[in-house]
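Listed here are the chains, written in short residue letters.
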Amino acid sequence: MGVRVRRASPSFGPAPSRAAVALRRWWPETALGVGVVVAILGPVLRRGFVLRYDLVFVPDPPFGAVVWGSGSELPRAVPSELLAVGLSQVVPADVAQKVLLAGCLVLAAVGAARLAPVGHPLARVAAGLAYVWNPWVYGRLHLGQWAVVAGFAALPWAFAWVLGVLRPPPEGTGPGRRSAVAGGAAVVLGGPAMVLAAVFACAPALALARRWRAFVAGAATLAGLTAPWWLALVSRGGAVDVDERGVAAFAVRADTPLGVLGSVATLGGVWSRNAVPVGRDQWAVALIALALAGAALWGYVLTRRRWPSAAWWGLLAGAVLGTVVAVAPAWSLGAQWMAALVEHVPLAGAVRDGTRLLAPLALVQAVGLGMLVESLVTTGARALAPLLVVAPVLLMPGLAWGLGGQFDTVRYPAEWAAVRAEVNRDPAGGTLVSLPWSSFRAYPWAGNVPVLDPASRAFRRPVVGDQDVLVGQDRIRGESREADRVAAALAAPGDPGPALRRLGVRYVLVQTDQPDAAQVEGRFVSAELVRRDGALTLLRLPDSDFSGSSGRIGIMPVLGYSVLGATLMIALSHRVKRQ
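Please read all numbers here as calculations on a predicted model, not as lab measurements.

A short note on the overall build of the protein chain
- Along its length, the protein chain carries 26 helices and nine strands.
- Buried residues in the protein chain amount to 57% of all 579 residues.
- Residue pairs at least 24 apart in sequence account for 78% of intrachain contacts in the protein chain once pairs closer than 6 positions are excluded.
- Accessible surface computed for the protein chain: about 24,000 Å², of which carbon and sulfur atoms make up 63%.

Encoded structure:
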């Protein structure tokens, strides 16, 4: 079978001319990117916020402790929160939210389409659509984990850089080096788990090819790009006390009649039963999905001659390794091993949700499906190719139109802006405690969808809230020592105000539209009522004397982001010699 090479684009000429050439060459990816954004985000492409689970954006967000990773909790939102807040300074925060969500989908679809070693437009569309339209992406969007989706979207671009090192593509084919580096850098937004997924996908190929210089360069680049969160972790000091029960709570689970292995092979297995697409529990859907996964793997076999041997085997090895780590906690021995790892390795707790490591497998299947479609087109079975392209959509229609209508836009009540202004104008130091003591909220004005407490992102001063997570009936302990001390003060009988004051708390925010709020507010006998507005009550603890400002950042966050910026500049400016 011959290799179809797309026509090279000229590297000179006026900018409009170059843009027109690029648009003609990239029209399948452009159409695919626009299509998936409209198909998935269509009902929320209007003003207003999408609030659900981890997807929390607030109006006019400040550069607070969460952004810099200088709070008491683990720096999981670094550096993704800086991107979200920074973009919200340029455009309204709700618009920034849609831009980031749409950008993740476009980056994933275009990256996979350009990575697949195929020339036919339909085959490129098949690869990009398969990478976006699958249970893995559905589960992460349902849980509101936009940064994890960003890390997933960066994976094809990161591997494109590896391909460029092993065998630079002809001019005009595949992602360019700078675009591969820029797109691949987004993997750090997904946190340690997605960085590990990128290592699984990229490192074996470089090692098999014995490109040790590139291997070291890639490792150094990753270290520089992740500097904001590992320096924030170092500055936190002491051991990270991670609840090992989270291993079992977040372990992969069967979401099809095919068991754990069948669910994982079809890119499912997410720990939350609510994040499973409708229909996955039906035998017919499960079997067809498994057959499609098998066909995609066969298509990947067909790419064997179109990639360097080290790249082909490397990505396959990464997919196998990620799958093994993902499914290990589903069995007792693997769960014990992971629990021991979480107990002794600080960052292991951040990857306890092992299904994130199925990202390399998703990339293998997407590339394979694109190759299979091109094979059908070139061997005379052209009528079957379109059916294979749309098969992921037909198997999982619930991803369309805002996850089947689950996405909606809302606006924050006016009292949030009033309370935020009251707190932010106070120059005194001290923290704010958000009550009732629960990590998630369910607001009547937001459709009662569970969402992380927005207070942690709404104020300039540090906000202390519950860091524990309920998974079914299990309460998984958070990692914030400061939150533990506040929880102990709240658990003691009587007025908790004096104890909180000794812990450096200046304000208490009671969200009165949440369960048990009236009882919680009634306990603060000695607190001063600052304002009661709508569903928010703001209390100030008396006799508070906190010197200094609560807006200080510290040296470590500044150093971390400086290293990240320098790494990006070096990576984008460094020239790679063509082999």
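Looking at the packing of aromatic side chains
- Counted according to the given criterion, the structure contains 17 aromatic pairs.
- Here Y300 and W312 contribute two aromatic rings whose centre-to-centre distance is 5.1 Å and whose plane-to-plane angle is 15 degrees, an arrangement assigned as stacked. Pair noted here: Y300 is in helix 15 (residues 283-302) and W312 is in helix 16 (residues 309-327), with a separation of 12 residues, a long-range link.
- Ring geometry for Y412 against W416: centres 5.8 Å apart, planes inclined by 70 degrees, an arrangement best described as edge-to-face. In this pair, the class of Y412 matches that of W416, namely buried.
- Taking the ring centre of W312 as reference, the NZ or CZ of R304 above it sits at 5.5 Å.

Points about empty space enclosed by the protein
- Counted according to the given criterion, the structure contains five cavities of 30 Å³ or more.
- Of the pockets and cavities examined, the largest cavity occupies roughly 290 Å³.
- Elements that contribute at least two residues to the lining of the largest cavity include exactly helix 6 (121-132), helix 15, helix 18 (359-378) and helix 19 (384-395).
- Considered class by class, the residues forming the lining of the largest cavity number 17 nonpolar, four polar and one charged.

As for the pattern of salt bridges
- In total, this model carries 19 salt bridges according to the counting rule given.
- Ionic pairing is found between R531 and E422, a salt bridge with its closest N-O pair at 3.9 Å. In this pair, R531 is assigned in strand 8 (residues 528-533) and E422 in helix 21 (residues 414-424), connecting sequence segments 109 residues apart.
- Judged by its relative accessible area of 26%, R531 is partly exposed.
- One network of salt bridges, with partners in common, ties together E422, R425, R531 and D533.

Description of the sheet that holds strand 4 (residues 463-464)
- One open sheet holds the five strands; their spatial order is 4-1-7-9-8, and the pairing between them is mixed. In the strand order of this sheet, the two ends are held by strand 4 and strand 8, each with one partner.

Describing helix 10 (residues 191-208)
- Between its terminal C-alpha atoms helix 10 stretches 26 Å, which fits the 26 Å expected from 18 residues at 1.5 Å a residue.
- Of all bends in helix 10, the biggest is about 30 degrees, found at C202, and the proline P204 comes one to four residues later.

Observations concerning the side chain of N134
- Within the fold, N134 resides in the loop between helix 6 and helix 7 (135-142).
- Polar contacts involving the side chain of N134 include one to the main-chain carbonyl oxygen of Y131, which spans 2.8 Å.
- In this structure N134 touches F152, L267, M396 and L399, once residues within four positions along its chain are discounted.

Here's the deal with the pairing of strand 7 (residues 505-511)
- Most of strand 7 is tucked away: seven of the seven residues are buried.
- Two strands pair when backbone bridges link them, and strand 1 (residues 431-435) and strand 7 are joined in this way by five bridges, in the parallel orientation. Bridge assignment links V433 to a residue of strand 7, and that residue is V508.
- One ladder, built from five bridges, connects strand 7 with strand 9 (residues 536-540); its direction is antiparallel. Among the inter-strand pairings, L509 is bridged to a residue of strand 9, identified as L538.

Conventions and cut-offs
- Residues numbered from 1 in each chain as written.
- Predicted model: local features only at pLDDT ≥ 70, side-chain atom pairs only at ≥ 80, totals over all residues.
- Heavy atoms only, no water.
- Helix = DSSP H or I, 4+ residues; strand = E, 2+ residues; numbered from the N terminus.
- Buried < 20%, exposed > 50% of the residue type's maximum accessible area, 1.4 Å probe, protein only.
- Contact = heavy atoms within 4.5 Å.
- Areas by Shrake-Rupley, 256 points an atom, 1.4 Å probe, with all protein chains shown as cover.
- Phe/Tyr/Trp six-rings, centres within 6.5 Å; stacked < 30°, edge-to-face > 60°.
- Lys NZ or Arg CZ within 6 Å of the ring centre and 35° of its normal.
- 1 Å grid on protein atoms, 1.4 Å probe; cavity = no way out; pocket = protein on both sides within 12 Å on 5 of 7 lines; lining within 4 Å.
- Points joined across faces, edges and corners; volume = space filled by probe spheres on them.
- Nonpolar A, V, L, I, M, F, W, Y, C, P; charged D, E, K, R; others polar.
- Salt bridge = Lys/Arg side-chain N within 4 Å of Asp/Glu carboxyl O.
- Pairing = 2+ DSSP bridges.
- Expected span 1.5 Å × (residues − 1).
- Bend = angle between axes of the 7 residues up to and from the residue.
- Polar contact = N/O pair within 3.5 Å; in protein donor to acceptor, adjacent residues only side chain to side chain.

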